[in-house]
Amino acid sequence: MKRPAPGAVRAKPAAAPGEVRIIGGQWKRTRLPVAKLEGLRPTPDRVRETLFNWLGQDLGGWRCLDAFAGTGALGFEAASRGAASVQLVESEPALVAQLHAWQQRLQAGAVRVQRGDGVSALRQSAPASLDAVFLDPPFGSALFEPALRAAVAALAPQGFIYLEAPERWSDETLADLGLAVHRHLRAGAVHAHLLRKI
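Note that the structure is a prediction, hence the values are computed from the model and not measured. (Residues numbered from 1 in each chain as written. Predicted model: local features only at pLDDT ≥ 70, side-chain atom pairs only at ≥ 80, totals over all residues. Heavy atoms only, no water.)

Colleague: Tell me about the overall build of the protein chain, and please be specific about residues and values.
Modeller: Scanning the protein chain from N- to C-terminus turns up six helices and nine strands. Across the 198 residues in the protein chain, those meeting the buried criterion constitute 48%. Sequence separation of 24 or more characterises 64% of the internal contacts of the protein chain that already satisfy a separation of 6 or more. (Helix = DSSP H or I, 4+ residues; strand = E, 2+ residues; numbered from the N terminus. Buried < 20%, exposed > 50% of the residue type's maximum accessible area, 1.4 Å probe, protein only. Contact = heavy atoms within 4.5 Å.)

Colleague: Let's hear about the packing of aromatic side chains: which residues, and what values?
Modeller: We describe a pair of aromatic rings using the distance from one ring centre to the other and the angle between the two ring planes. Taken as a whole and judged by the stated rule, the model has four aromatic pairs. Ring centres of F76 and W102 lie 5.6 Å apart, and the angle between their planes is 55°; this geometry places the pair in the tilted category. In this pair, F76 sits in helix 2 (residues 73-80) while W102 sits in helix 3 (residues 93-106), placing the two residues 26 residues apart along the sequence. Each member of the pair F76 and W102 is classed as buried. Plain terms: the ring middles of F144 and W169 are 6.4 Å apart, the flat faces sit at 35° to each other, and that makes the pair tilted. (Phe/Tyr/Trp six-rings, centres within 6.5 Å; stacked < 30°, edge-to-face > 60°.)

Colleague: I'd like a description of the side chain of E90, backed by residues and values.
Modeller: Inspection of the secondary structure puts E90 in strand 4 (residues 85-90). At 2.7 Å, the side chain of E90 forms a polar contact with the backbone nitrogen of G70. (Polar contact = N/O pair within 3.5 Å; in protein donor to acceptor, adjacent residues only side chain to side chain.)

Colleague: Account for unusual backbone geometry, naming residues and giving values.
Modeller: Of note in the backbone geometry, R29 takes a positive phi value of approximately 75° without being a glycine. Residues other than glycine seldom take positive phi values, yet Q107 does so here, at roughly 50°.

What follows is the structure, given as structure tokens:
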């Protein structure tokens, strides 16, 4: 039998198609069904695990907003790890219904589901009121820059913006928005960025 190379990471079983798995915190290993909708692209387990390793396992007291919630995997993961408040914003009615169902199933008191536009929700957030903003807009959309601009205004000085995109955003491009890359990961077609204010 072939032994893994020293330092190799043993692969964890991925969630089955049509579901996502919460990776850490109070709901660890909970599997939640996902509606089958065209264009829905849940953040992969590996990327979510890396993101929350970057952020830390305990998000106690954090205020979070997931602006393009989709399956809500990022927001529920944050709530599972102790975030004080998590706002999930989604425009697709079927996904909003699914998010409400998950919220009730998990009895997630810190989670608030809102049907609407993610950029507008960020613009309506009080300045410096959020510790973490999750941005995973539809990859073919023109929402990336407006979402980042709105997120910067709502972000607390020591807060983080998670950006999932089809290409890497450079420090030069982000500097115009007052941001810099803190961490970056590429996983297949996904570029995962953890951003901070300059």
